[in-house]
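# Secondary and tertiary structure notes
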Amino acid sequence: MRLFKCAVCAQLLHFENTRCERCGHVLGYDPVQNQLLALQSGGEQWRSVAADEAAYRFCANADHGACNWLIAAASTERFCLACRHNGIIPDLSQPQNLTDWRKIEIAKHRLFYTLLRLRLPLATRAQEAGGLQFNFLAELPASAQAPVMTGHDSGVITLAVAEAEDAERERRRAQMGESYRTLLGHLRHEVGHYFWGRLVRGQNELDAFRATFGDERRDYQEALRIHYGTGAPSDWQNGFVSAYATCHPWEDFAETWAHYLHIIDTLEMARAFHLQVEPPLDEGGILQARIDFDPYRIAQFDTIIDGWVPITFAMNSINRCMGHPDLYPFVLSPAVMGKLGFIHDLVRQKAAPLPAGAASPAD
């Protein structure tokens, strides 16, 4: 994620801001330009206060306080590039559902920021049968239905709305023995399953995938049964980013994919703040790093890892000073770094080309 600033008063802004707190201008995010625009009203349309003459409308979900993304005024679409992937949303007449859904949309829009920056294929269900769709489901009383299970099936990602409630998500994290569980992490993991089908299975990359992650033809349900029955191997950190990643190559890929998105997104923000790590006690320079590169454009994954490890050491150390758990409670072994490198190369190979003469909407 990058930093944004108001074009009117230069106030620094968060990605989700809908109004500048300093000058009061309405704000809207244009995903095509990757800009958070200060807007002026022109009837039913909005225009940037800058020189841009384009006219915009807000996504229909702005009416619910769940989206600040813009659509070209001439478009026939009601929803933005992120919200048009929604299939089912909870009953918004229930106040708790509305509150929870708004939290989920914050996470989903951050996910789509990254997917769009990576120029990955993002067909909707309306565009093709296997397109990407999100179903956000609220659980009914236990007598009425089985609990909602978060997961992916043939392009449809289901998320239990209850995961938006911190106490419930923490309960599930402890129950599952996980060190990390967030809405954004869920979405990044599940979309990894979707892109496995689009970029690996659908692009004749299976041999390379199997050489890195293992043979996905193993019985998946049996693999889950064994995992939940006996747990992960004691030495799982030598080859996997999480214990859950050990259960099957599909889950290994999805877990690693999620971490790749964590890393790319966080390093972009570190770059925006010109972060550098240079502890005087580190006489050998092992933890020295200057985040002066764009992780979306860098070709060599080693550069990304060389920046990521010192940054996470510093962030974890600061979190501990505040009595919080580590911000990034994971160990990246050489084998895991190799898997992350596989995904980095895969994404770069499969990214849609920029139009001739166009600049990436990165800065």
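Coordinates for the structure precede this section.
Below or above, wherever it landed, is the structure these notes cover.

Definitions and cut-offs
Residues numbered from 1 in each chain as written. Predicted model: local features only at pLDDT ≥ 70, side-chain atom pairs only at ≥ 80, totals over all residues. Heavy atoms only, no water. Helix = DSSP H or I, 4+ residues; strand = E, 2+ residues; numbered from the N terminus. Rg over C-alpha atoms; globule rule 2.2 N^0.38 Å. Buried < 20%, exposed > 50% of the residue type's maximum accessible area, 1.4 Å probe, protein only. Areas by Shrake-Rupley, 256 points an atom, 1.4 Å probe, with all protein chains shown as cover. Lys, Arg positive; Asp, Glu negative; His and termini not counted. Charge placed at Lys NZ, Arg CZ, Asp CG, Glu CD. Axes fitted to C-alpha atoms, helices over the stretch in contact; angles between N-to-C directions. Left-handed = near helix turned anticlockwise from the far one by under 90°. Contact = heavy atoms within 4.5 Å. Nonpolar A, V, L, I, M, F, W, Y, C, P; charged D, E, K, R; others polar. Polar contact = N/O pair within 3.5 Å; in protein donor to acceptor, adjacent residues only side chain to side chain. Core = buried A, V, L, I, M, F, W, Y, C linked by side-chain atoms within 4.5 Å. 1 Å grid on protein atoms, 1.4 Å probe; cavity = no way out; pocket = protein on both sides within 12 Å on 5 of 7 lines; lining within 4 Å. Points joined across faces, edges and corners; volume = space filled by probe spheres on them.

## Some points on the overall build of the protein
In terms of regular secondary structure, the protein is built from 8 helices and 13 strands. For 363 residues, the compact-globule estimate of 2.2 N^0.38 gives 21 Å, and the C-alpha radius of gyration of the protein, at 21 Å, lies within 12% of that figure. Expressed as a percentage of the 363 residues in the protein, the buried residues total 46%. For the protein, the accessible surface area stands at approximately 18,200 Å², while carbon and sulfur atoms represent 53% of it. Here the protein carries 34 positive and 43 negative side-chain charges, and the mean point of each set is 4 Å from the other.

## Quick notes on the packing of helix α3 (residues 183-200) against helix α6 (residues 249-272)
Relative to each other, α3 and α6 sit at 115°, their axes nearing to 8 Å. In the packing of α3 onto α6, the handedness of the crossing is right-handed. Together, Gly185, Arg188, His189, Val191, Gly192, His193, Phe195, Trp196, Leu199 and Val200 of α3 and Trp250, Glu251, Phe253, Ala254, Glu255, Trp257, Ala258, Leu261, His262 and Asp265 of α6 make up the contact between the two elements. Its residues assigned to classes, the contact of α3 with α6 comprises 11 nonpolar, 5 polar and 4 charged.

## Concerning the side chain of aspartate 265
One can find aspartate 265 in helix α6. The class of aspartate 265 is buried, set by a relative accessible area of 7%. Reaching out from aspartate 265, the side chain makes a polar contact with the backbone nitrogen of methionine 1 at a distance of 2.3 Å. Those residues in contact with aspartate 265 that lie beyond four places of it in its chain are Met1, Tyr113, Thr114, Arg188 and Tyr296.

## What to know about the nonpolar core
Grouped together as the largest cluster of nonpolar side chains are 77 residues, with contacts concentrated most on Leu111, Val191, Phe195, Phe253, Trp257, Tyr260 and Leu332. When residues of this core are assigned to their parent elements, the largest contribution, 9 residues, is made by α3. If you look at the next biggest cluster of nonpolar residues, it comprises 5 residues, including Val26, Leu37, Leu39 and Leu70.

## Focus: the layout of surface pockets
Over the atoms a probe the size of a water molecule is rolled, and this reveals where empty space is left. Size it by volume and the second largest pocket reaches roughly 770 Å³. Tyr180, Thr182, Leu184, Thr266 and Leu327 are the residues nearest the centre of the second largest pocket, which is lined by 26 residues in total. Only α2 (166-176), α3, α6 and α7 (301-321) provide two or more residues apiece to the lining of the second largest pocket. Considering every element that reaches the lining of the second largest pocket, the biggest residue donor is α6, with 5 residues. Grouping the amino acids of the lining of the second largest pocket by side-chain chemistry returns 14 nonpolar, 6 polar and 6 charged.

## Some words on unusual backbone geometry
Its identity is not glycine, yet alanine 10 carries a phi of approximately 70°, on the positive side. Position of alanine 10 relative to the elements: it lies in the loop between β1 (4-5) and β2 (12-13).

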